[in-house]
Amino acid sequence: MKKSLLAVAACAAFFVSCKTTEVSGSGLKSEKATVAVAKTTLVDYQGAVLGAEIPNWVVQVAQGQYSQTALKKEMPNLDKKKVFVAIGRGDNLDFVKQWTDLVDIEVEVGDAMQRIVGKRVEASMKGSSTASGDNYDSTEMEKNIAMYKKAVSAVELNGLEKVAGYWVLVQRDYANESRRFYEYYSVWGIDEKKYEKQLAAAMSNVKDNTSEGQILKAAIIKDLTGITVASNSDAVEEEALASFE
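Please read all numbers here as calculations on a predicted model, not as lab measurements. (Residues numbered from 1 in each chain as written. Predicted model: local features only at pLDDT ≥ 70, side-chain atom pairs only at ≥ 80, totals over all residues. Heavy atoms only, no water.)

## Overview of the overall build of the chain
Stated precisely, the cut-off is as follows: Helical segments are the DSSP runs of H or I of at least four residues, strand segments are the runs of E of at least two, and each set is numbered from the N terminus. Here, residues are in contact when the closest pair of their heavy atoms is within 4.5 Å. For the area figures, the Shrake-Rupley method with a 1.4 Å probe applies, and any residue is considered shielded solely by the protein chains shown.
Broken down by element type, the chain carries 8 helices and 7 strands. By sequence separation, contacts in the chain at least 24 residues apart represent 72% of the contacts at least 6 residues apart. In the structure as shown, the chain presents an accessible area of about 13600 Å², 49% of it carried by carbon and sulfur atoms.

Dropping the structure here:
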């Protein structure tokens, strides 16, 4: 799965061109550290040849605003919808569009859900072992991950429909190289009540009734209720998954 950003004069807030940044030290060293940051530029975008403006929903997605709350301000038809944003990144525009529009989006979202489950179970068990001072049982952790992944696989996402799609061509300049790539954003929606019902039914198959198990189950349900991103880019997905740590 994968995803990203962009920049243009008409949308200055959209992207920020960053120069080498000086970082103040503690005063204990004579030299200041520097952090090199890539400069990102928007090269081309859908409708540019006709003088069209970039839609506001694209700006929201490029800034990492994937939720229904953020997007429905620009896309009223998302009201009462559970929203998923798919982002493709690559050197070939046709490929990234096909990934987001033609592949089985239910499978891609399902994969993202399973990764979130794995991350949450691991974080929960390691956190508990740290708090108690005991070593966590890796075998037990894998067993729990498998149990929750099996439960999540029952979520079918019936009724998921595409709402909009948009492409951009981005150039990212680093200290020693430059790279151009396409990013294609698509927004999908499903009735939020239907999604929550499917999720609740799937999680009811998890029979861990211990207090720790109930807390973990509640955390996973919260994570999966909030999931918004599916991407063919590991970098994009890692950014999204970071919010579940």
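## Comments concerning the layout of surface pockets
Where empty space is left can be seen by rolling a probe of water-molecule size over the atoms. Applicable threshold: Space inside and on the surface of the protein is sampled on a 1 Å grid over the protein atoms alone, with a cavity defined as a set of points where a 1.4 Å probe fits but cannot get out and a pocket as an open set with protein on both sides within 12 Å along at least 5 of 7 lines; lining residues have an atom within 4 Å of a point. Grid points are joined across faces, edges and corners, and a volume is the space filled by probe spheres set on the points. Note that Gly is not counted as nonpolar here; it falls among the polar residues with everything else outside the nonpolar set of Ala, Val, Leu, Ile, Met, Phe, Trp, Tyr, Cys and Pro and the charged set of Asp, Glu, Lys and Arg.
Taken as a whole, the second largest pocket encloses approximately 250 Å³ of empty space. Looking at the lining of the second largest pocket, the elements that each hand over two or more residues are α4 (105-132), α5 (138-152) and α7 (211-226). Counting residues per element, the lining of the second largest pocket draws most heavily on α7, which supplies 5 residues. Split by residue class, the lining of the second largest pocket holds 4 nonpolar, 5 polar and 4 charged.

## Examining the pattern of salt bridges
What counts is decided by this rule: Throughout this description, the term salt bridge denotes a Lys or Arg side-chain nitrogen within 4 Å of a carboxyl oxygen of Asp or Glu. Type-normalised accessible area, obtained with a 1.4 Å probe on protein chains alone, sets the label of each residue: buried when under 20%, exposed when over 50%, and partly exposed for intermediate values.
Under the counting rule described, the total for this entry stands at 4 salt bridges. As a salt-bridge pair, Asp79 and Lys72 come within 3.7 Å of each other at their nearest N and O atoms. Accessibility expressed as a relative area gives 41% for Asp79, which makes it partly exposed. The salt bridge partner of Asp91 is Arg179, with a shortest N-O separation of 3.7 Å. Remark: Arg179 occurs in strand β6 (residues 178-191) and Asp91 occurs in the loop between β4 (81-90) and α3 (93-101); sequence separation between them is 88 residues. What makes Asp91 exposed here is its relative accessible area of 58%.

## Details of the nonpolar core
What counts is decided by this rule: Throughout, nonpolar core names a set of buried Ala, Val, Leu, Ile, Met, Phe, Trp, Tyr and Cys residues whose side chains join them through atoms within 4.5 Å.
Among the nonpolar cores identified, the biggest contains 30 residues, and Phe84, Met113, Val121, Tyr148, Tyr195, Ile220 and Leu224 are the most heavily contacted of them. Of all the secondary structure elements, the ones that give two or more residues to this core are β4, α4, α5, β6, α6 (192-203) and α7. Top contributing element to this core by residue count: α4, with 8 residues. With residues near it in sequence (within four places) discarded, Tyr195 still touches Lys82, Phe84, Met113, Val155, Leu157, Ile190, Leu224, Thr225 and Ile227. Formed by 22 residues, the second largest nonpolar core is a distinct cluster that contains Tyr45, Val61, Tyr66 and Phe181.

## What to know about the packing of aromatic side chains
Our working definition: Centres within 6.5 Å are what make two rings of Phe, Tyr or Trp a pair, Trp counting through its six-membered ring; a difference in plane orientation under 30 degrees is then read as stacked, over 60 as edge-to-face, and the rest as tilted.
Under the definition given, this model contains 3 aromatic pairs. Measuring from ring centre to ring centre gives 5.7 Å for Phe84 and Tyr195, while their planes differ by 80 degrees; the resulting arrangement is edge-to-face. In this pair, Phe84 is assigned in strand β4 and Tyr195 in helix α6, connecting sequence segments 111 residues apart. Note on Phe84: relative accessible area 1%, which makes it buried. Note on Trp167 and Tyr182: the rings are 5.9 Å apart at their centroids and 65 degrees apart in plane angle, and the pair reads as edge-to-face.

## Observations concerning α5
Here is the rule we go by: Expected span, for any helix, means 1.5 Å times one less than how many residues it has. Our arc is simply the arc of the directions from the helix axis toward the C-beta atoms.
Compared with an ideal rise of 1.5 Å per residue, which puts 15 residues at 21 Å, α5 spans 21 Å between its outermost C-alpha atoms and is within 8% of the ideal. Here α5 has its buried residues at Met141, Asn144, Ile145, Tyr148, Ala151 and Val152. Down the axis of α5, the buried side of the element spans an arc of 130 degrees, and every buried residue falls inside it. Exposed residues lying more than 90 degrees from the buried face of α5 are Thr139, Lys143 and Lys150.

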